Amino acid sequence: MIFLSHNYKDKPIVEQFALRLSEMFGQDKVFYDSWSIQPGDGIIDKMNEGLESCQLFLFFVSKNSLQSKMVELEWQNAVIKATKGNTKIIPVRLDDCLMPPILLQTLYVDLFGQGLEVALRQVSDVVTGNNTFTPGPQQFSNLRAYTYLENGNRIVECHAEFYMEPISHFLFLVGNTEEEVSFSYKSSSMVRTGFIKDIKLNNGQTFNAQMMSIERGTVPGFPFVVEITAKNIDISIQLIGVMHEKRQNEWALIPLIDGKKNA
């Protein structure tokens, strides 16, 4: 049994994880409260049954779950079982929270930093007994783009998460034309811009893009902030992704995260 311990606020991503695991191993092998606890069931009794029968305990670690007393009871119970050799705990990091000290000795799955597909593959490898290392897909990204709506406009904040990025050249890929949307850099007025049509990605898809760059680095705590505005009330802003120039004429997509960056 695979037990998914999480806070209800994190369900949008945890449920995707649960559904994929159920496809791999069967729904009856995954304890996920939304289908493992039905109307009329005793919640505590069902949770205890799940904890007693689980061989793999997935603790989805986030700022939300670390503040939940129920989740705290679940993972502390799992730690006790783990010390007796009855279960294996795998923390799955969902955001930029700090891991509880007692779990620091455990290698965690970094969904926040590596994405859903890599995290799922690693958990699947643990269940099937395979080595979790695979070269290639596990790409580290120091840059992340957070996007949200503000006063009807689309805000994109490009953050350097861990260290300074010396090159601050970005492409904002959109499904709009130059006549439909405008771009403004919010951090200062000194910025180079240019609209580029029909950029072809490695997957063969083609999009338009707004190039924006400044002659200084992007450092943690001082994001590269861009506001995208529709020129007509009937136009929908179609932000596809954000690319960063890693080296001269070498561009790569950076993770695009829906919502503001947590403080």
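Counting from 1, residues in each chain are numbered in the order their sequence is written. Residue-level local features of this predicted model are given only where pLDDT is at least 70; pairs of side-chain atoms are given and counted only at 80 or more, and the full residue set underlies all totals for whole chains, interfaces and linings. As a rule here, side-chain values cover all heavy atoms of the structure and leave hydrogens and water aside.

*Asks:* Summarise the sheet that holds strand β8 (residues 168–174); cite the residues concerned and give the values.
*Replies:* Pairing within the open sheet is antiparallel, and its 5 strands lie in the order β10-β11-β8-β13-β14. The outermost strands of the open sheet, each flanked by one partner alone, are β10 (192–200) and β14 (250–254). Between one strand axis and the next, the sheet turns by 30 degrees as a mean value, whatever way the strands run. In this description, strands pair whenever DSSP reports at least two bridges between them. Starting at the N terminus, helices and strands are each numbered in turn, a helix being any DSSP run of H or I of at least four residues and a strand any DSSP run of E of at least two. Pairing of β10 with strand β11 (residues 206–214), which is carried by 7 bridges, proceeds in the antiparallel orientation. Each residue of the ladder has a partner; that of K200, found in β11, is T206. Think of each axis as a best-fit line through the C-alpha atoms, taken over the contacting stretch in the case of a helix, with angles from 0 to 180 degrees between the N-to-C directions.

*Asks:* Outline the packing of helix α3 (residues 43–53) against helix α5 (residues 69–83), supporting the account with residue identities and numerical values.
*Replies:* The description of two helices packed together rests on the angle between their axes and the distance between the axes. Remark: α3 packs on α5, axes separated minimally by 10 Å, with the N-to-C direction vectors making an angle of 30 degrees. Taken together, the axis directions place α3 and α5 in an arrangement best described as roughly parallel. The way α3 lies across α5 gives a crossing that is right-handed. Across from I44, M47, L51, E52 and S53 in α3, the residues of α5 making contact are M70, E74, N77 and K81. The cut-offs work like this: below 35 degrees is roughly parallel, past 145 is roughly antiparallel, 65 to 115 is roughly perpendicular, and the gaps in between are oblique. Should the near helix be turned anticlockwise from the far one by less than a right angle, the crossing is termed left-handed; should it be turned clockwise, right-handed. Whether two residues touch is decided by their heavy atoms; if any such pair falls within 4.5 Å, the residues are in contact.

*Asks:* Hey, could you go over the sheet that holds strand β5 (residues 109–110) for me, with residue numbers and the actual values?
*Replies:* Spatial strand order, β2-β1-β3-β4-β5: 5 strands in an open sheet with parallel pairing. Two strands lie at the open edges of the sheet, namely β2 (30–31) and β5, each paired on one side alone. Of the strand pairs in this sheet, strand β3 (residues 56–61) and strand β4 (residues 88–93) are connected by 6 bridges, and their pairing is parallel. When the sheet's bridge partners are listed, V61 is paired in β4 with R93. Lying on the sheet, α5 is in contact with β1 (2–5), β3 and β4; it crosses β3 at an angle near 140 degrees.

*Asks:* Talk me through the nonpolar core; I want residue IDs and the actual numbers.
*Replies:* Among the buried residues, those of types Ala, Val, Leu, Ile, Met, Phe, Trp, Tyr and Cys that are joined through side-chain atoms within 4.5 Å form a nonpolar core. The classification of residues rests on relative accessible area computed with a 1.4 Å probe and restricted to protein chains. Under 20% of the type maximum is buried, over 50% is exposed, and intermediate values are partly exposed. Core analysis: the largest hydrophobic core is formed by 21 residues, its most contacted members being F172, F183 and F224. Elements that contribute at least two residues to this core include exactly β6 (143–150), β7 (153–160), β8, β9 (181–185), β11, β12 (224–230) and β13 (239–247). Non-local contacts of F224, meaning those with residues more than four positions away in its chain, are made with V156, E157, C158, S168, F170, F172, Y185, M212, S213, I214 and T218. If you look at the next biggest cluster of nonpolar residues, it comprises 20 residues, including L21, I90, V92 and V123.

*Asks:* Report on helix α7 (residues 116–128), specifying residues and quantitative values.
*Replies:* The terminal C-alpha atoms of α7, which comprises 13 residues, lie 18 Å apart, in line with the 18 Å expected from a rise of 1.5 Å per residue. For α7, the full list of buried residues reads V118, A119, L120, Q122, V123, S124 and D125. Each residue after the first adds 1.5 Å to the expected span of a helix.

Fair warning: the whole summary comes from geometry, so function is off the table for now.
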